[in-house]
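Each chain, letter by letter, is given below.
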Amino acid sequence: MSLLRSRGMATLASLAIVADPLGGGLVGVSALVLGAAALTPVEVQAAPRKGGGARPAPAAGRPSGGARPSGGGRQAAGGAGGRPPVRSGAPTSVNHNRNVNRSNANINNVNVNRNVNVNVDNHGGGYYDHYDDWDDHWHPVATAATVAVTAAVVGSIVRSIPPSCSTVIVNGTSYSQCGNTWYQPQYSGSSVQYVVVNAPR
Amino acid sequence: MTSRITGICVVVLAAMANAPAAAQPSTASTEASTDEAVVEPEALAAMDRTSAALQALPGFTLKSDVTTEKVLETGQKLQFGGTVDIALHRPDAFKIVASSDIQQREFYFASGTFTVYAPTRKYYASAKAPATIGLALDKLKTEFGIELPLADLFTWGTDQTGRARIRSGYVVGPEKIGSRTCDHIAFRQELVDWQIWIEQGARALPCKIVITATDDPSMPQYSAVLNWDTATVPRPADIAFVAPADAHRITMVDQSGQAAKGDKQ
């Protein structure tokens, strides 16, 4: 029994060492914390970034262990259910404009709160901003049901529309018609978003 | 099995030996910016070599296997794989096809016109852009909030400010990327840590690039293994956008009035 337990801890500790240099910061740190806490009664908050003593002493230019952006403890995903919103993604180039969750163009899904509070301004957390942005295929199940009964506010912007909407060309402009609601798709960055518009004439 | 357990035990010992030491330096728990910022000349020299090699190419085609990560509000990371294929003709044309299970985008630039196309949604948008790639990239970023995947490959060697942003850099050592032997170099700068593997020998092209965001505690990471074809230079006409019959043109929002909005491709 005790053998089993220490093997479990060993796995955790080795996880820390394997994962940390790869940049899996949180996993590495928390696993190390767990492992170390079980093994030795030490103050563990300063768990070093480079995890473990398996690395050679730093040479010139190498950062000496420690010092990483702390972020542990922010986890514990509660009962958010299936798919929590995306708050950020990996940058795809080195010299880029990084702007996580601070977007001015905050955009809600159509299915949020009867759609009357669609918010084109900034509010506390822009976390939902990226939810549909990063996935071309995903449509919230609730969307289709809600749109039918909700009068979308003209001028509001959504990231996704129900798959049942149809594309209609009026005077050379593409619209998506979803029942009585008309959307005009546009690119914002490389994301497609939909602006609620009056029925075109 | 026995050897594996032995290995694990060694790891445990290492961790135990390290734990007390790790606890001592309380200063180590501060922000990464307190790292001693040393930029090894060898690291910059390697970047200069690969930048020169890239700039010397009149064009190329490149197929890359990428992984990218999305951070959920909970801090959990999800990883997705995909490909980014690039065709470049200096100085005035490129085509980028970024494809993954979660998103497909195509980016075209030729004859001073830029086009973004979402093949699954059948929407494209075009905009006039300066005639050369570097200037066009600037406009896309500042005016339309579009950042292209692996755009560094276009600009390294021309963007002199890139070097100034680096606050830490060192050569890790030679490593194998597939059949290639490549020098692994690690850099840190504001917002990102990044790593590049540069092929040894005369070619000196990047074998692999890894970019880690440091402004989110979950540190989402992008990784791309690059497979080059420098033998054939694409012709602009061959990589220009041709709207599919069932595609619809839509508009592109001018974001230059807003705070720059990073592209989350």
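Going by the structure above, here's the rest.
Residues numbered from 1 in each chain as written. Chains lettered and ligands numbered in written order. Predicted model: local features only at pLDDT ≥ 70, side-chain atom pairs only at ≥ 80, totals over all residues.

Asks: Explain the pairing of strand β2 (residues 77–89) of chain B to me, please; I cannot follow it from the model alone.
Replies: Working note: regular strand, side chains alternate between the two faces of the sheet. Residue and element names in this part refer to chain B. Pairing between strand β1 (residues 59–72) and β2: 13 bridges, direction antiparallel. What sits directly across from Glu69, in β2, is Gln79. Here β1 hands over to β2 after 4 residues, with Gly75 in that stretch at a positive phi of 95°. Pairing analysis gives 8 bridges linking β2 to strand β3 (residues 93–100), with the strands arranged antiparallel. Across the sheet, Ala87 pairs through a bridge with Lys95, a residue of β3. Connecting β2 to the antiparallel partner β3 that follows it, the hairpin turn spans 3 residues. (Pairing = 2+ DSSP bridges. Helix = DSSP H or I, 4+ residues; strand = E, 2+ residues; numbered from the N terminus.)

Asks: Looking at this structure, how should I read the nonpolar core?
Replies: Soluble globular proteins: nonpolar side chains tend toward being buried together. In this structure, B:Ile86, B:Phe94, B:Phe109 and B:Ile211 are the most contacted members of the largest nonpolar core, which totals 66 residues. Here B:Phe94 is in contact with B:Ile86, B:Ala87, B:Leu88, B:Phe109, B:Ile133 and B:Ile239, once residues within four sequence places are set aside. In terms of nonpolar packing, the next biggest core, distinct from the first, is built from 11 residues, A:Ala152, A:Val158, A:Tyr175 and A:Val195 among them. (Core = buried A, V, L, I, M, F, W, Y, C linked by C-beta atoms within 7 Å. Buried ≥ 20, exposed ≤ 12 C-beta atoms within 10 Å, placed from the backbone. Contact = placed C-beta atoms within 7 Å.)

Asks: Sorry, what's going on with the environment of A:Gln186 here?
Replies: All names here are of chain A. Of note, Gln186 is situated in strand β5 (residues 181–188). Residue classification places Gln186 among the partly exposed positions, given that 18 C-beta atoms sit within 10 Å. For the pair formed by Gln186 and Tyr175, sequence separation is 11 residues and the distance between their alpha carbons is 9.8 Å.

The analysis is restricted to geometry; functional conclusions fall outside its scope.
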